[in-house]
Amino acid sequence: MRQGLVFWVNFGAEFRRFSLDRHKPGKFEDFYKLVVHTHHISNTEVTIGYADVHGDLLPINNDDNFCKAVSSANPLLRVFIQKRGTRKAELLTLFGSRLKNK
């Protein structure tokens, strides 16, 4: 039986939802390509992060972080995209941040 993991992806004012198999979500690179394709931003460099169970905004930038994000989702994973070069994207990449007004 396939157990779906729902991704709720936010980029600017746009939201997209899709699901992947929780036990075989794939690799980070495939997820990155899916996210930018879904938002029609394939020619834009972006930083991807997720909200963990404590509300911390953590980066997804490699297979290990992607695996941690998938394992923390229950059953929804809130994913946020920022264009690279923005201050918010830099903070997400370096330190993570606390989400306000969940």
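Residues numbered from 1 in each chain as written. Predicted model: local features only at pLDDT ≥ 70, side-chain atom pairs only at ≥ 80, totals over all residues. Heavy atoms only, no water.

- Under an unreviewed UniProt entry, the name given to the protein is Partitioning defective 6 homolog gamma-like, and the source organism is Galeopterus variegatus.

Considerations on the pairing of strand 4 (residues 56-60)
Part 1 of the argument: As defined by bridge partners, strand 3 (residues 46-51) adjoins strand 4 across four bridges and the pair is classed as antiparallel. Paired with Y50 across the strands is L58, a residue of strand 4.
Part 2 of the argument: Between strand 3 and strand 4, which follow one another and run antiparallel, lie four residues, and G55 among them has a positive phi close to 90 degrees. (Pairing = 2+ DSSP bridges. Helix = DSSP H or I, 4+ residues; strand = E, 2+ residues; numbered from the N terminus.)

Concerning the environment of G12
Part 1 of the argument: Residue placement: G12 occurs in the loop between strand 1 (4-11) and strand 2 (14-21).
Part 2 of the argument: For the pair G12 and Q82, spaced 70 residues apart in sequence, the C-alpha to C-alpha distance is 7.6 Å.

Looking at helix 2 (residues 63-72)
Part 1 of the argument: Regarding helix 2, the residues found buried are N65, F66, A69 and V70. Seen from one end, helix 2 has its buried residues packed into an arc of 135 degrees, which puts them on one side. In helix 2, the exposed positions angled more than 90 degrees off the buried face are occupied by D64, C67, K68 and S71.
Part 2 of the argument: Lining the buried residues of helix 2 we find strand 1, helix 1 (28-38), strand 3, strand 4 and strand 5 (76-83).
Part 3 of the argument: Where helix 2 starts, the residue carrying a side-chain oxygen 3.0 Å from the main-chain nitrogen of D64 turns out to be N62. (Buried < 20%, exposed > 50% of the residue type's maximum accessible area, 1.4 Å probe, protein only. Arc of directions from axis to C-beta. Contact = heavy atoms within 4.5 Å. Polar contact = N/O pair within 3.5 Å; in protein donor to acceptor, adjacent residues only side chain to side chain.)

Let's talk about unusual backbone geometry
Part 1 of the argument: Residues other than glycine seldom take positive phi values, yet H40 does so here, at roughly 55 degrees.
Part 2 of the argument: As for its position among the elements, H40 is in the loop between helix 1 and strand 3.
Part 3 of the argument: For H40, a relative accessible area of 65% translates into the label exposed.

Focus: the side chain of D52
Part 1 of the argument: As for its placement among the helices and strands, D52 is situated in the loop between strand 3 and strand 4.
Part 2 of the argument: Only 3.0 Å separates the side chain of D52 from the backbone nitrogen of H54, close enough to count as a polar contact.

Observations regarding the environment of D21
Part 1 of the argument: Tracing the backbone shows D21 in strand 2.
Part 2 of the argument: C-alpha of D21 to C-alpha of V6: the two residues are 15 residues apart in sequence and 8.9 Å apart in space.
Part 3 of the argument: At 2.8 Å, the side chain of D21 and the backbone nitrogen of H23 are in polar contact.

Looking at the pairing of strand 1
Part 1 of the argument: Burial analysis of strand 1 places six of its eight residues in the buried class, the great majority of the element.
Part 2 of the argument: Across eight bridges, strand 1 lies against strand 2 in antiparallel orientation. Among the inter-strand pairings, G4 is bridged to a residue of strand 2, identified as D21.
Part 3 of the argument: For strand 1 and strand 5, the ladder comprises six bridges, and the chain directions are parallel. The partner of F11 across the bridge, within strand 5, is I81.

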